[in-house]
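# Observations on chain architecture
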Amino acid sequence: MIKAVFSDRDGVINSDRPDYVKNVSELNIYPFFPSAVKDFNGLGFSVFVISNQQGVGKGIYTMEDVRGIEAEIRKAAESAGGVITDFRYCTHLESEKCACRKPRAGMILDLAAEYDIDLTKSFVIGDSVRDVGAAAEAGVRSILVLSGSASAETAEKMDPKPDFVARDIADAVSLVKIAAKDA
Ligand SMILES: [Mg+2]
Ligand SMILES: [Zn+2]
(Lines give C-alpha, C1' and ligand atoms only; values in the text may rest on other atoms or scores of the structure.)
(Ligands and ions follow the chains in the order given, each with its own letter.)
Protein backbone atom coordinates (compact mmCIF):
# COMPACT_ATOMS: atom_id res chain seq x y z
CA MET A 1 0.00 0.00 0.00
CA ILE A 2 1.09 3.57 -0.57
CA LYS A 3 0.85 6.71 1.56
CA ALA A 4 -0.90 9.73 0.07
CA VAL A 5 -1.23 13.45 0.45
CA PHE A 6 -4.62 14.53 -0.90
CA SER A 7 -4.38 18.23 -1.63
CA ASP A 8 -7.24 20.57 -2.32
CA ARG A 9 -6.57 22.93 -5.26
CA ASP A 10 -7.93 26.47 -4.79
CA GLY A 11 -6.52 28.19 -1.71
CA VAL A 12 -3.84 25.53 -1.26
CA ILE A 13 -1.98 25.17 -4.58
CA ASN A 14 -3.09 28.46 -6.08
CA SER A 15 -4.89 31.54 -4.88
CA ASP A 16 -8.66 31.29 -4.92
CA ARG A 17 -11.09 33.92 -6.17
CA PRO A 18 -14.75 34.49 -5.32
CA ASP A 19 -15.91 33.97 -8.92
CA TYR A 20 -13.99 30.68 -9.43
CA VAL A 21 -10.58 30.14 -11.00
CA LYS A 22 -12.03 29.63 -14.47
CA ASN A 23 -9.05 29.26 -16.79
CA VAL A 24 -5.28 29.32 -17.00
CA SER A 25 -5.17 33.12 -17.22
CA GLU A 26 -6.77 33.30 -13.76
CA LEU A 27 -4.39 30.74 -12.28
CA ASN A 28 -1.89 32.05 -9.76
CA ILE A 29 0.14 29.13 -8.40
CA TYR A 30 1.72 29.82 -5.03
CA PRO A 31 5.52 29.99 -5.41
CA PHE A 32 6.06 27.55 -2.52
CA PHE A 33 3.80 24.85 -3.97
CA PRO A 34 6.15 23.05 -6.43
CA SER A 35 8.89 22.29 -3.89
CA ALA A 36 6.28 21.08 -1.37
CA VAL A 37 5.27 18.34 -3.85
CA LYS A 38 8.89 17.30 -4.21
CA ASP A 39 9.26 17.27 -0.41
CA PHE A 40 6.17 15.08 0.07
CA ASN A 41 7.48 12.69 -2.58
CA GLY A 42 10.80 12.63 -0.71
CA LEU A 43 8.96 11.63 2.48
CA GLY A 44 7.42 8.68 0.62
CA PHE A 45 4.02 10.22 -0.18
CA SER A 46 2.23 10.13 -3.51
CA VAL A 47 0.47 13.43 -4.11
CA PHE A 48 -3.11 13.65 -5.40
CA VAL A 49 -5.28 16.70 -6.04
CA ILE A 50 -8.97 16.54 -5.10
CA SER A 51 -11.11 19.50 -6.00
CA ASN A 52 -14.76 20.54 -6.03
CA GLN A 53 -15.42 22.30 -9.34
CA GLN A 54 -19.11 23.09 -9.21
CA GLY A 55 -18.47 25.87 -11.77
CA VAL A 56 -18.42 23.14 -14.45
CA GLY A 57 -21.84 21.91 -13.36
CA LYS A 58 -23.08 25.49 -13.45
CA GLY A 59 -21.73 25.94 -16.98
CA ILE A 60 -19.40 28.81 -15.98
CA TYR A 61 -16.32 27.02 -17.39
CA THR A 62 -15.64 23.64 -18.95
CA MET A 63 -13.76 20.48 -18.06
CA GLU A 64 -11.30 21.49 -20.77
CA ASP A 65 -10.52 24.66 -18.77
CA VAL A 66 -10.04 22.52 -15.66
CA ARG A 67 -7.65 20.20 -17.53
CA GLY A 68 -5.71 23.21 -18.80
CA ILE A 69 -5.22 24.40 -15.22
CA GLU A 70 -4.27 20.84 -14.24
CA ALA A 71 -1.54 20.76 -16.89
CA GLU A 72 -0.05 24.00 -15.53
CA ILE A 73 -0.08 22.70 -11.96
CA ARG A 74 1.53 19.43 -13.03
CA LYS A 75 4.19 21.33 -14.98
CA ALA A 76 4.94 23.60 -11.99
CA ALA A 77 5.44 20.58 -9.70
CA GLU A 78 7.67 18.88 -12.26
CA SER A 79 9.80 22.01 -12.62
CA ALA A 80 10.78 21.49 -8.95
CA GLY A 81 11.28 17.73 -9.39
CA GLY A 82 7.91 16.81 -7.87
CA VAL A 83 5.30 14.41 -9.24
CA ILE A 84 1.53 14.65 -8.87
CA THR A 85 0.10 11.16 -9.36
CA ASP A 86 -3.49 12.02 -10.24
CA PHE A 87 -6.26 14.61 -10.08
CA ARG A 88 -9.94 14.08 -9.18
CA TYR A 89 -12.78 16.56 -9.53
CA CYS A 90 -16.37 16.74 -8.48
CA THR A 91 -18.21 18.81 -11.07
CA HIS A 92 -21.67 18.19 -9.63
CA LEU A 93 -23.88 20.91 -8.24
CA GLU A 94 -24.14 21.04 -4.47
CA SER A 95 -27.90 20.48 -4.89
CA GLU A 96 -27.27 17.10 -6.58
CA LYS A 97 -26.05 15.73 -3.24
CA CYS A 98 -23.50 13.40 -4.86
CA ALA A 99 -21.08 11.28 -2.87
CA CYS A 100 -17.97 12.96 -4.31
CA ARG A 101 -18.40 16.64 -3.52
CA LYS A 102 -16.42 17.46 -0.38
CA PRO A 103 -17.29 17.28 2.54
CA ARG A 104 -18.19 13.82 1.25
CA ALA A 105 -15.29 11.41 0.95
CA GLY A 106 -16.03 9.98 -2.52
CA MET A 107 -12.94 11.29 -4.31
CA ILE A 108 -10.63 10.09 -1.54
CA LEU A 109 -12.24 6.65 -1.38
CA ASP A 110 -12.12 6.22 -5.17
CA LEU A 111 -8.43 7.08 -5.28
CA ALA A 112 -7.73 4.83 -2.30
CA ALA A 113 -9.32 1.88 -4.12
CA GLU A 114 -7.58 2.62 -7.43
CA TYR A 115 -4.10 3.20 -6.02
CA ASP A 116 -4.18 0.92 -2.96
CA ILE A 117 -3.70 3.81 -0.53
CA ASP A 118 -3.35 3.27 3.21
CA LEU A 119 -5.69 6.00 4.47
CA THR A 120 -4.44 5.67 8.05
CA LYS A 121 -0.99 6.77 6.89
CA SER A 122 -2.27 9.56 4.64
CA PHE A 123 -3.16 13.25 4.95
CA VAL A 124 -5.68 15.66 3.47
CA ILE A 125 -4.58 19.28 3.03
CA GLY A 126 -7.24 21.91 2.48
CA ASP A 127 -8.31 25.45 3.26
CA SER A 128 -11.97 24.89 4.13
CA VAL A 129 -14.27 22.94 6.41
CA ARG A 130 -15.32 20.86 3.37
CA ASP A 131 -11.80 19.47 3.08
CA VAL A 132 -11.66 18.73 6.79
CA GLY A 133 -15.08 17.05 6.62
CA ALA A 134 -14.06 14.84 3.69
CA ALA A 135 -10.93 13.81 5.57
CA ALA A 136 -12.98 12.96 8.66
CA GLU A 137 -15.45 10.87 6.63
CA ALA A 138 -12.60 8.96 5.00
CA GLY A 139 -10.70 8.48 8.26
CA VAL A 140 -7.71 10.50 7.07
CA ARG A 141 -5.84 13.08 9.15
CA SER A 142 -6.46 16.65 8.03
CA ILE A 143 -4.24 19.68 7.82
CA LEU A 144 -6.05 22.99 7.48
CA VAL A 145 -3.90 25.61 5.77
CA LEU A 146 -4.41 29.33 6.19
CA SER A 147 -3.38 30.26 2.63
CA GLY A 148 -7.00 30.33 1.45
CA SER A 149 -10.43 30.97 2.92
CA ALA A 150 -9.79 29.98 6.55
CA SER A 151 -8.26 32.16 9.24
CA ALA A 152 -6.84 31.09 12.59
CA GLU A 153 -10.13 32.21 14.18
CA THR A 154 -12.39 30.20 11.85
CA ALA A 155 -10.06 27.22 12.37
CA GLU A 156 -10.77 27.37 16.10
CA LYS A 157 -14.53 27.09 15.60
CA MET A 158 -14.46 24.58 12.76
CA ASP A 159 -16.68 21.49 12.98
CA PRO A 160 -15.24 18.94 12.47
CA LYS A 161 -11.93 20.20 13.77
CA PRO A 162 -8.81 19.78 11.65
CA ASP A 163 -6.13 17.54 13.14
CA PHE A 164 -3.47 20.14 12.36
CA VAL A 165 -3.32 23.77 11.24
CA ALA A 166 -0.47 25.03 9.07
CA ARG A 167 0.34 28.39 7.51
CA ASP A 168 0.45 26.89 4.00
CA ILE A 169 1.32 23.69 2.15
CA ALA A 170 5.06 24.30 2.60
CA ASP A 171 4.52 24.53 6.35
CA ALA A 172 2.40 21.36 6.15
CA VAL A 173 5.48 19.45 4.95
CA SER A 174 7.15 19.86 8.35
CA LEU A 175 3.96 18.77 10.14
CA VAL A 176 3.70 15.65 7.99
CA LYS A 177 7.36 14.89 8.58
CA ILE A 178 6.73 14.82 12.35
CA ALA A 179 3.26 13.20 12.30
CA ALA A 180 4.29 10.48 9.83
CA LYS A 181 6.69 9.12 12.43
CA ASP A 182 3.84 8.05 14.72
CA ALA A 183 1.57 6.44 12.12
MG1 LIG B 1 -10.05 25.32 -1.38
ZN1 LIG C 1 -19.77 14.97 -7.13
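Everything discussed here concerns the structure shown above.
About the thresholds
Residues numbered from 1 in each chain as written. Chains lettered and ligands numbered in written order. Predicted model: local features only at pLDDT ≥ 70, side-chain atom pairs only at ≥ 80, totals over all residues. Buried ≥ 20, exposed ≤ 12 C-beta atoms within 10 Å, placed from the backbone. Helix = DSSP H or I, 4+ residues; strand = E, 2+ residues; numbered from the N terminus. Pairing = 2+ DSSP bridges. Right-handed = clockwise from strand over helix to strand, strands pointing away. Contact = placed C-beta atoms within 7 Å. Axes fitted to C-alpha atoms, helices over the stretch in contact; angles between N-to-C directions. Parallel < 35°, antiparallel > 145°, perpendicular 65-115°, else oblique. Left-handed = near helix turned anticlockwise from the far one by under 90°. Nonpolar A, V, L, I, M, F, W, Y, C, P; charged D, E, K, R; others polar. Arc of directions from axis to C-beta.

The next subject is the pairing of strand β5 (residues 141-145). The element β5 is extensively covered by neighbouring structure, given that 5 of its 5 residues are classed as buried. Side-chain alternation along β5 places Arg141, Ile143 and Val145 on one buried face and Ser142 and Leu144 on a second face that is also buried. Here strand β4 (residues 123-126) pairs with β5 via 4 bridges, running parallel. Its bridge partner being in β5, Gly126 is matched across the sheet by Leu144. In this fold, the crossover linking β4 to β5 by way of helix α5 (residues 129-138) has right-handed handedness. The pairing of β5 with strand β6 (residues 164-166) spans 3 bridges and is parallel. Within the sheet, the bridge partner assigned to Ile143 lies in β6 and is Phe164. Between the parallel pair β5 and β6, the chain is carried across by helix α6 (residues 152-157), and the sense of this crossover is right-handed.

If you trace the backbone, Cys90 turns up in strand β3 (residues 84-90). Along the chain, Cys90 and Val47 lie 43 residues apart, while their C-alpha atoms are 18 Å from each other. When near neighbours in sequence (up to four residues on either side) are disregarded, Cys90 contacts Asn52, Gln53, Cys98, Cys100, Arg101 and Met107.

Turning our eyes to something else, we now look at the sheet that holds β6. If you walk across this open sheet you meet the 6 strands as β3-β2-β1-β4-β5-β6, and the pairing is parallel. The sheet is open, and its two borders are formed by β3 and β6, each paired with just one other strand. Across this sheet, the average inter-strand angle for adjacent strands is 25°, counted without regard to direction. The strands touched by α5 within the sheet are β2 (45-52), β4 and β5, with β5 carrying the most contacts at an inclination of about 170°.

This paragraph deals with the packing of helix α1 (residues 33-42) against helix α3 (residues 63-79). Between α1 and α3, the shortest axis-to-axis distance is 7 Å and the interhelical angle comes to 65°. For the element pair α1 / α3, the angle class is roughly perpendicular. The two elements α1 and α3 cross, and the hand of that crossing is right-handed. Residues Phe33, Pro34 and Val37 of α1 form the contact with α3, whose own contacting residues are Ala76, Ala77 and Ser79.

At a minimum axis distance of 8 Å, the contact between α1 and helix α7 (residues 169-179) shows a crossing angle of 20°. As far as their axial angle goes, α7 and α1 are roughly parallel. Our pair here, α1 against α7, has a crossing hand that is left-handed. Packed against α1, whose contacting residues are Phe33, Ala36, Asp39 and Phe40, the element α7 presents Ile169, Ala170, Val173 and Val176 at the interface. Its residues assigned to classes, the contact of α1 with α7 shows 7 nonpolar, no polar and 1 charged.

All right, on to α1 then. Those residues of α1 that sit buried are Phe33, Pro34, Ala36, Val37, Asp39 and Phe40. Each element contacted by the buried residues of α1 is listed here: β1 (3-7), β2, α3, β3 and α7. In the segment just after α1, Gly44 is the residue with positive phi, at about 95°.

Below, the discussion takes up α7. Three or more residues of α7 are buried, namely Ile169, Ala172, Val173 and Val176. The buried residues of α7 occupy an angular sector of 115° when projected down its axis, which confines them to one face. Those residues of α7 that are exposed and angled more than 90 degrees off the buried face are Ser174 and Ile178.

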